[in-house]
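Residues per chain, in single letters:
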Amino acid sequence: MTKLTTGFEPSLQHYLRSLTAPESPWLAQLRQETAHLSGAQMQITPEQAQFLSLLIHLLSATQVLEIGTFRGYSALAIALALPPSGRLITCDISAHDTAIAADFWQRAGVKEKIELYLAPALETLERLLHHEKKDRFDLIFIDADKRNYDRYFEYSLQLLRPRGVIVVDNILWYGKVADETIQDPTTLTLRAFNQKLATDKRIITSLVPLGDGLMLASKKP
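It should be emphasised that the depicted structure is a prediction, and the values quoted were computed from it without experimental measurement.

Participant: Would you take a moment to explain unusual backbone geometry for this structure?
Facilitator: Most of the time, phi is negative for any residue but glycine, and the peptide bond is trans. Positive phi is not limited to glycine here, since aspartate 135 has a value of about 60 degrees. Note on placement: aspartate 135 falls in the loop between helix 6 (121–130) and strand 4 (137–142).

Structural data, given as structure tokens:
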């Protein structure tokens, strides 16, 4: 079952989802077929997918980068929203999970829009910079291992075009970031990361409480 929005009562969550545009049949099928598999809670919610699609529309995005593919739900949502000429680069380290993803991309007819890099994300980001992808991407979505969020963000800021947007998932971390009694390494990392972005003069930010929290960072010209 898809995770709910952090902090929302079930009745409010139901109301929110009732106002969200229906998933495409392919997104709904992918979510349903992977709901019983281990780690399914890592998949973004339908309302987050709709929000990413809206950002693509608002930015007139054609070049998107995703850090963390998992089973391809967010990548599928992005690819469906991109114009025919649009391209998504997505990276992950799991051959098993991304094989499920690639199968659905093929079935949905968007596989030609997606380029998968099966390698540690930091290696992929360095490779993209080396191949002159600086200032190239309109939108970058970060949803991978939390301990490397700061490094992913710094690479992403170089790869993002001015006025482009970075979206970072799990910023609320199931409410743990707001509870100072919780001091585990991941929570501490996310808490520090959030504080850094809130005061970073290179960007304009907004925290959107969808799913487990999305931080939006627009790169200043």
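That covers the picture; the talk isn't over yet.
Participant: Sorry, what's going on with the environment of phenylalanine 141 here?
Facilitator: Counting through the fold element by element, phenylalanine 141 comes out in strand 4. Residue classification places phenylalanine 141 among the buried positions, given a relative accessible area of 1%. With 69 residues separating them in the primary sequence, phenylalanine 141 and glycine 72 have C-alpha atoms 13 Å apart. The residues contacting phenylalanine 141, other than those within four sequence positions of it, are Ile44, Leu52, Leu65, Glu66, Ile67, Ser74, Val167, Asp169 and Leu214.

Participant: Would you explain the sheet that holds strand 7 (residues 214–219) in this entry?
Facilitator: Backbone hydrogen bonds are what pair the strands of a sheet, in a parallel or an antiparallel way. If you trace the seven strands from one edge of the open sheet to the other, you get 3-2-1-4-5-7-6, paired in mixed fashion. The strands lining the two open edges of the sheet, one partner per strand, are strand 3 (114–118) and strand 6 (203–208). If you compare each strand with its neighbour and ignore which way they point, the axes differ by 15 degrees on average. With six bridges connecting them, strand 6 and strand 7 associate as antiparallel partners. Within the sheet, the bridge partner assigned to threonine 205 lies in strand 7 and is alanine 217. Set on the sheet, helix 5 (residues 95–108) makes contact with strand 2 (87–92) and strand 3; between it and strand 3 the angle comes to about 170 degrees. Sitting on the sheet, helix 8 (residues 185–198) is in contact with strand 5 (160–168), strand 6 and strand 7, with an inclination near 130 degrees to strand 6.

Participant: Help me out: how do you make sense of the pairing of strand 2 in this one?
Facilitator: A regular strand places its side chains so that they alternate between the two faces of the sheet. Summarising burial for strand 2: five of the six residues are buried, a large majority. Examined bridge by bridge, strand 1 (residues 63–67) and strand 2 share five bridges and lie parallel to one another. Pairing of glutamate 66 across the sheet is with threonine 90, part of strand 2. The β-α-β motif built from strand 1, the intervening helix 4 (residues 73–81) and the parallel element strand 2 has right-handed crossover chirality. One ladder, built from five bridges, connects strand 2 with strand 3; its direction is parallel. What sits directly across from aspartate 92, in strand 3, is leucine 118. In this view, the connection linking strand 2 to its parallel neighbour strand 3 by way of helix 5 has right-handed handedness.

Thresholds applied
Residues numbered from 1 in each chain as written. Predicted model: local features only at pLDDT ≥ 70, side-chain atom pairs only at ≥ 80, totals over all residues. Heavy atoms only, no water. Helix = DSSP H or I, 4+ residues; strand = E, 2+ residues; numbered from the N terminus. Buried < 20%, exposed > 50% of the residue type's maximum accessible area, 1.4 Å probe, protein only. Contact = heavy atoms within 4.5 Å. Pairing = 2+ DSSP bridges. Axes fitted to C-alpha atoms, helices over the stretch in contact; angles between N-to-C directions. Right-handed = clockwise from strand over helix to strand, strands pointing away.

Scope: geometric values only; no functional claims are made or implied.
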